[in-house]
Amino acid sequence: MNRRRRVYEGKAKILYEGPEPGTLIQHFKDDATAFNAKKHAVIEGKGVLNNRISEYLFKRLGEMGVPTHFVRRLNMREQLIREVDIIPIEVVVRNVAAGSLAKRLGLDEGSTLPRSIIEFYYKADDLDDPMVTEEHVTAFGWATPQEIDEMMALALRINDFLSGLFRGIGIRLVDFKVEFGRLYENEMMRIVLADEISPDCCRLWDVATDDKLDKDRFRRDLGGLLEAYQEVARRLGILVENKPTQTQGPRLVTSNNT
Ligand code: UDP
C-alpha cells in the first residue's frame, strides 16, 4: 500500500497518487493537532471515523447538488477523490459565537449570531492561517471575484443542509471550515467542495446538554474525543455498536430543548 507515490502529507491526511490520471487517494490518519500543530496526539481510530463521517456528508451533499471531489470510499481509512487545484482559502461558516470569533469580538460562547457569517482564512501554516478579506483574496490572486461568489453560495448551501441534518439528530452545527478546489474537465473548470467535513473541522454541540462532539475535546483537554466522534457517527446511522460495517441512515433525535 505504501509503495504508492505520496503526493502530499498534511496534519491529519495523506494524499497518494490515484489509480488513474486525475484521481488521488485521500488517507485519513489518527493524528490530532491543534494550535497550528503546536499540540499533537495520536488518537487511535479517529481516521477511520473521519473517513466514514466525511464520506457520508460528501455523498449527501452531492445528492443535494453540491459538486464535490469525492468518488468513493476504498477502505476503512481511504477514499478515492478527483484531483483538484486547491484554492488556498479556508472558508469558515458560523451560526453561533465560539472559538476565535467569540474571543476576537468579546461575544458569549454559545450566543446565536444575527445571521450566518462567512470568513476567509489564508492557508499558510507559517503565518498561522491569518484571517483575510475578499480584497486580499482577489488582490493577491488567490481566487477571482466569481470564484469567491461561488464559494460563498456553496458554503451557505452546505450550511443550510448540514444544519438541518445535524439538528435532526440532536446536534447544533455551531461552525465549520470547508475548502474548495478547481476541477478541470475537458475545457471546463468548476469549483467543487474538497478536503473533508468531519468533527475535526466542525463545532458540533449536543442540543440538549451542550456537550462538545468535536475537536474542541482535544483542543481543551476535555478527553473522550473518540467517544464523541463515535457518537456523531452513531447518530448519523453510519456506525452501529460493534458492527461498523452495518449502516442504517440517520435517526431522528427529539429534544424538548431545541
Ligand atoms: N477550523 C478548522 N481548521 C483550522 C481553523 C479552524 O477546521 O485551521 C474550524 C474549527 O474546527 C471551527 C471553525 O473552523 O469549527 C472556526 O474555527 P475558529 O476560527 O473559531 O478557530 P479555533 O478556535 O478553532 O482556532
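Let us look at the structure shown here.

A closer look at the overall build of the protein chain
Check the secondary structure of the protein chain and you find six helices and 14 strands. A compact globule built from 258 residues would reach a C-alpha radius of gyration of about 18 Å, and the protein chain, at 18 Å, matches this within 12%. Each principal axis of the C-alpha distribution contributes one length, and for the protein chain these read about 50 × 45 × 35 Å. For the protein chain, the proportion of its 258 residues judged to be buried stands at 52%.

Some details on the pairing of strand 1 (residues 6-9)
Bridge count between strand 1 and strand 2 (residues 13-17): three bridges; the pairing is antiparallel. Paired with Tyr8 across the two strands is Leu15, which belongs to strand 2. Taking the residues that link successive antiparallel strands as the turn, the strand 1-strand 2 hairpin has three residues.

Notes on the site of the ligand
The local shell around the ligand holds 16 residues, among which Arg94, Ser100, Asp175, Arg203 and Arg219 are the closest. In this structure, an oxygen atom belonging to the ligand sits 2.6 Å away from a side-chain N or O atom of Arg94. Here an oxygen atom of the ligand and a backbone polar atom of Cys201 are 3.5 Å apart. In isolation the ligand exposes 500 Å². Once the protein is present, 77% of that is buried. Looking at the shell around the ligand, the elements with two or more residues in it are strand 9 (89-96), helix 2 (99-105), strand 12 (171-185) and strand 14 (202-206). Split by residue class, the shell around the ligand holds six nonpolar, two polar and eight charged.

A short note on the packing of aromatic side chains
Inspection of the entire model under this criterion finds two aromatic pairs. Considering the side-chain rings of Tyr122 and Trp142, the 3.8 Å spacing of their centres and the 15° angle between planes classify their relative orientation as stacked. With Tyr122 in strand 10 (residues 112-122) and Trp142 in the loop between helix 3 (134-139) and helix 4 (145-167), this residue pair connects regions lying 20 residues apart in the sequence. Among the residues examined, Tyr122 registers a relative accessible area of 21% and is labelled partly exposed.

Here we look at helix 1 (residues 46-63)
Taking 1.5 Å of rise per residue, 18 residues should cover 26 Å, and helix 1 covers 26 Å from first to last C-alpha, within 8% of that figure. Buried residues dominate helix 1, accounting for 14 of its 18 residues. Remark: Gly65 follows helix 1 within two positions and exhibits a positive phi of approximately 95°.

With respect to a negative patch on the surface
On the surface, a cluster of negative charge is made up of Glu134, Glu135, Asp149 and Glu150. Counting residues per element, the ones that place at least two in the negative patch are helix 3 and helix 4. Assignment of secondary structure puts Glu150 in helix 4.

Brief notes about the pattern of salt bridges
Counted by the stated rule, this structure contains 33 salt bridges. Of the charged contacts in the structure, one is a salt bridge between Asp200 and Lys46, with a shortest N-O distance of 2.6 Å. Here the residue Asp200 occupies a position in the loop between strand 13 (188-194) and strand 14, and Lys46 occupies one in helix 1, the gap between them amounting to 154 residues. A relative accessible area of 9% places Asp200 in the buried class. Between Asp85 and Arg182 there is a salt bridge, with the nearest N and O atoms lying 3.2 Å from each other.

Some words on helix 4
Its 23 residues place the ends of helix 4 32 Å apart at the C-alpha level, agreeing with the 33 Å of an ideal helix rising 1.5 Å per residue. For helix 4, the complete set of buried residues consists of Glu147, Ile148, Met151, Leu154, Ala155, Ile158, Asn159, Phe161, Leu162, Leu165 and Phe166.

Considering the sheet that holds strand 1
Reading across the sheet, the five strands line up as 1-2-3-7-6 and stay open at both edges, with antiparallel pairing between neighbours. Unpaired on one side and paired on the other, strand 1 and strand 6 (70-73) mark the two borders of the sheet. The average angle at which neighbouring strand axes cross in this sheet is 25°, direction not considered. Its contacts with the sheet place helix 1 against strand 3 (23-28), strand 6 and strand 7 (78-82), and it is angled at close to 130° to strand 6.

Calculation criteria
Residues numbered from 1 in each chain as written. Predicted model: local features only at pLDDT ≥ 70, side-chain atom pairs only at ≥ 80, totals over all residues. Heavy atoms only, no water. Helix = DSSP H or I, 4+ residues; strand = E, 2+ residues; numbered from the N terminus. Rg over C-alpha atoms; globule rule 2.2 N^0.38 Å. Buried < 20%, exposed > 50% of the residue type's maximum accessible area, 1.4 Å probe, protein only. Pairing = 2+ DSSP bridges. Near = heavy atom within 4 Å. Polar contact = N/O pair within 3.5 Å; in protein donor to acceptor, adjacent residues only side chain to side chain. Areas by Shrake-Rupley, 256 points an atom, 1.4 Å probe, with all protein chains shown as cover. Nonpolar A, V, L, I, M, F, W, Y, C, P; charged D, E, K, R; others polar. Phe/Tyr/Trp six-rings, centres within 6.5 Å; stacked < 30°, edge-to-face > 60°. Expected span 1.5 Å × (residues − 1). Patch = residues over 30% accessible without salt bridge, like charges linked within 9 Å, V, L, I, M, F, W, Y side chains within 5 Å. Salt bridge = Lys/Arg side-chain N within 4 Å of Asp/Glu carboxyl O. Lys, Arg positive; Asp, Glu negative; His and termini not counted. Charge placed at Lys NZ, Arg CZ, Asp CG, Glu CD. Axes fitted to C-alpha atoms, helices over the stretch in contact; angles between N-to-C directions. Contact = heavy atoms within 4.5 Å.

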